[in-house]
Amino acid sequence: MAAPEREKLAINQATTMKQWSLREAVEGYAARDIRGISVWRDKLAECGVEVAAELLRDNGMTVTGLCRGGMFPANDDAGRQAAHDDNRRAVDEAAAIGAQCLVMVCGGLPDGSKDMIDARIQVADGLERMLHYAREAGVPVAIEPLHPMTAADRACVNTLEHALDLCDALGEGIGVAVDVYHVWWDPKLEDQIARAADRILGFHVCDWLVPTVDLVWDRGMMGDGVIDIPRIRGWVEAAGYRGFNEIEIFSERNWWQRDPEEVVETCIDRYAEFV
Ligand code: ZN
């Protein structure tokens, strides 16, 4: 694989979420000539949506995604309605900041439930319901399949194949976010990336540490783990993806403890060598 294009380097602001506000992240990334950022809703709310939209525009930022919507399954109609209302707000926010997609973490089992089949039905129903609103707003919806270790409490869509089956059923306006952390292990990955074709709305990179000590908050910097990222990027590009390569690292024990300037510098160096 040829090295990734430098201008396609984006950083998900979660990578510096413990150190930087949205303003600090936008200015910190822009200072290193990084022009793609994925934004988190809690940070967006803290900044204010209108102020953020202006800040992002003034710094020439492409917003590669808004994180996140989803969390559909609930024990009752009131819970499902609350999720729907929140997803509509997320669509509005994504539209306001010009996000290229709204990333969906679909949700797992409702409290007390053991019914994975029903949870997956609720996800499909919830996506269908919110998709009408997203289409009208012109916001593409990106299902992010999550690693199966998160099926109970974060997302019961665990493979790219399952996510694409949902896309096939739902039609226009919906695609997938391919995050190497969640899908690198999948023996069907190459075929499913090819199947996804122009429905790949985002490509997220980091690394899988051995051993991993936390199910969510122990992602590695590219090069520190076992994922062959260039190979997966090759598949994604062969499928037609031309968007940003977004670095997304949740790292309680390491990168969130460091000077954010050092984190960004490391991202740039490792991107060139390991993405
Ligand atoms: Zn991701």
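In case you missed it, the structure is sitting above this.
Rules and cut-offs
Sequence order sets the numbering: in each chain, residues are counted from 1 along the sequence as written. At least 70 in pLDDT is required for a residue's local features to be given in this predicted model, at least 80 for side-chain atom pairs to be given and counted, and no such filter applies to totals for whole chains, interfaces and linings, which use all residues. The side-chain values count all of the structure's non-hydrogen atoms but skip hydrogen atoms and water molecules. The helix and strand labels rest on DSSP assignments: H or I over at least four residues marks a helix, E over at least two residues marks a strand, and numbering proceeds from the N terminus. This radius of gyration counts C-alpha atoms alone. The globule rule is 2.2 Å times how many residues there are, raised to the power 0.38. Relative accessible area decides the class of each residue, using a 1.4 Å probe on protein chains only: under 20% of the type maximum gives buried, over 50% gives exposed, and in between gives partly exposed. Note on contacts: a residue pair is in contact if any heavy atoms of the two residues lie within 4.5 Å. Reported accessibility uses the Shrake-Rupley method at a 1.4 Å probe radius. Residues are deemed covered only where the shown protein chains occlude them. In this count, Lys and Arg are taken as positive residues and Asp and Glu as negative ones, while His and the chain termini are left out. Where a charge lies is defined by one atom per residue type, namely NZ (Lys), CZ (Arg), CG (Asp) and CD (Glu). Comment: axis = line fitted to C-alpha atoms, over the contacting stretch for helices; angle = value between 0 and 180 degrees taken between N-to-C directions. Any angle from 65 to 115 degrees is called roughly perpendicular, while one under 35 is roughly parallel, one over 145 is roughly antiparallel, and all others are oblique. Note: crossing handedness is left-handed where the near helix turns anticlockwise from the far helix by less than a right angle, and right-handed where it turns clockwise. Any residue that is not Ala, Val, Leu, Ile, Met, Phe, Trp, Tyr, Cys, Pro, Asp, Glu, Lys or Arg is counted as polar, Gly included; the first ten are nonpolar and the last four charged. Strands are treated as partners if at least two bridges between them are detected by DSSP. Here, a salt bridge means any Lys or Arg side-chain nitrogen found within 4 Å of an Asp or Glu carboxyl oxygen. The rule for donors is simple: an N, O or S atom within 2.8 Å of the metal counts, and for Na, K and Ca the reach is 3.2 Å. Water is not among the atoms, so a site may look short of donors. Under the classification used here, a metal with four donors is tetrahedral if each angle lies between 85 and 135 degrees, square planar if opposite donors are over 155 degrees apart and the others between 65 and 115, a six-donor metal meeting that same test is octahedral, and anything else is irregular. A pair of aromatic rings is counted whenever rings of Phe, Tyr or Trp (Trp by its six-membered ring) have centres within 6.5 Å, and the orientation is called stacked for planes under 30 degrees apart, edge-to-face for over 60 and tilted otherwise. In this description, one arc is meant: the one made by directions from the helix axis to the C-beta atoms.

### Re the overall build of the protein chain
A count of helices and strands for the protein chain gives ten helices and eight strands. Computed over its C-alpha atoms, the radius of gyration of the protein chain comes to 18 Å, within 12% of the 19 Å expected for a compact globule of 275 residues. Taken across its 275 residues, the protein chain has 53% of its residues classed as buried. A separation threshold of at least 6 residues defines the contact pool for the protein chain, and within that pool the share at least 24 residues apart is 79%. With the model as given, the accessible surface of the protein chain reaches about 11,600 Å², and the carbon-plus-sulfur share is 48%. Taking the average location of the 28 positive side-chain charges in the protein chain and that of its 48 negative ones, the two points are 1 Å from each other.

### With respect to the packing of helix α6 (residues 160-170) against helix α8 (residues 189-196)
Running from N to C, α6 and α8 cross one another at 25 degrees; their axes reach a closest spacing of 9 Å. Between α6 and α8, the interaxial angle falls into the category roughly parallel. Crossing angle aside, the handedness with which α6 passes α8 is left-handed. Mapping the contact onto sequence places L160, E161, L164, D165 and D168 in α6 and L189, Q192, I193, R195 and A196 in α8. Of the residues belonging to the contact of α6 with α8, the class tally is five nonpolar, one polar and four charged.

### Quick look at the sheet that holds strand β7 (residues 200-205)
If you walk around this closed barrel you meet the eight strands as β1-β2-β3-β4-β5-β6-β7-β8, and the pairing is parallel. When the angles between neighbouring strand axes are averaged without regard to direction, this sheet yields 30 degrees. As judged from the four bridges shared by strand β6 (residues 174-179) and β7, these two strands associate in the parallel manner. For A177, the partnering residue across the bridge sits in β7 and is G202. With respect to the sheet, helix α9 (residues 229-238) is in contact with β6, β7 and β8 (245-247), its orientation differing from that of β7 by roughly 175 degrees.

### Some details on the pattern of salt bridges
Enumeration over the complete set of coordinates arrives at 21 salt bridges. We note a salt bridge from E27 to R23, for which the minimum N-O separation is 3.3 Å. With E27 and R23 both in helix α1 (residues 22-31) and four residues apart, the pair spans about one turn of that helix. Judged by its relative accessible area of 39%, E27 falls in the partly exposed class. A relative accessible area of 38% means that R23 is categorised as partly exposed. The closest approach of N and O atoms between E248 and R219, which form a salt bridge, is 3.5 Å. Within this pair, whereas E248 is found in the loop between β8 and α10 (260-274), its partner R219 is found in the loop between β7 and α9, the two being separated by 29 residues in sequence.

### As for the coordination of the zinc ion
Summarising the metal site, the zinc ion is bound by the protein donors E144 (OE), D179 (OD), H204 (ND1) and E248 (OE), whose distances to it range over 2.0 to 2.3 Å. Taken together, the four donor atoms coordinating the zinc ion and their angles of 83 to 148 degrees define a geometry best described as irregular. Spacing between the donor residues of the zinc ion along their common chain follows E-x34-D-x24-H-x43-E. Of this pair, E144 sits in the loop between β5 (141-143) and α6 while D179 sits in strand β6, placing them 35 residues apart in sequence. Residue class for E144 comes out buried when judged on its relative accessible area of 5%.

### Things to note about the packing of aromatic side chains
Throughout the structure, instances matching the rule amount to seven aromatic pairs. On the basis of an interplanar angle of 55 degrees and a centroid distance of 6.1 Å, the ring pair of W20 and Y29 is categorised as tilted. For the pair W184 and W208, a centre-to-centre distance of 5.7 Å together with 45 degrees between the ring planes defines the contact as tilted. In this pair, W184 is assigned in the loop between α7 (180-183) and α8 and W208 in the loop between β7 and α9, connecting sequence segments 24 residues apart.

### Comments concerning the side chain of E93
Along the chain, the position of E93 falls in helix α4 (residues 77-96). Classification of E93 by relative accessible area gives buried; the value is 18%. The contact partners of E93, leaving out residues within four places of it in the chain, are R41, L44, V49 and L66.

### Overview of α6
Burial in α6 covers these residues: L160, A163, L164, L166, C167 and L170. The arc that holds every buried residue of α6, seen down its axis, measures 155 degrees, which confines them to one face. Next to the buried residues of α6 lie α5 (116-137), β5, β6 and α8.

### Some remarks on the packing of α1 against helix α3 (residues 49-58)
Where α1 contacts α3, the two axes come as close as 10 Å, and the packing angle between them is 5 degrees. As far as their axial angle goes, α3 and α1 are roughly parallel. Across from L22, R23, V26 and E27 in α1, the residues of α3 making contact are V51, A52, L55 and L56. Tallied by class, residues from the contact of α1 with α3 come to six nonpolar, no polar and two charged.

On their own, these measurements won't tell you what the molecule is for.
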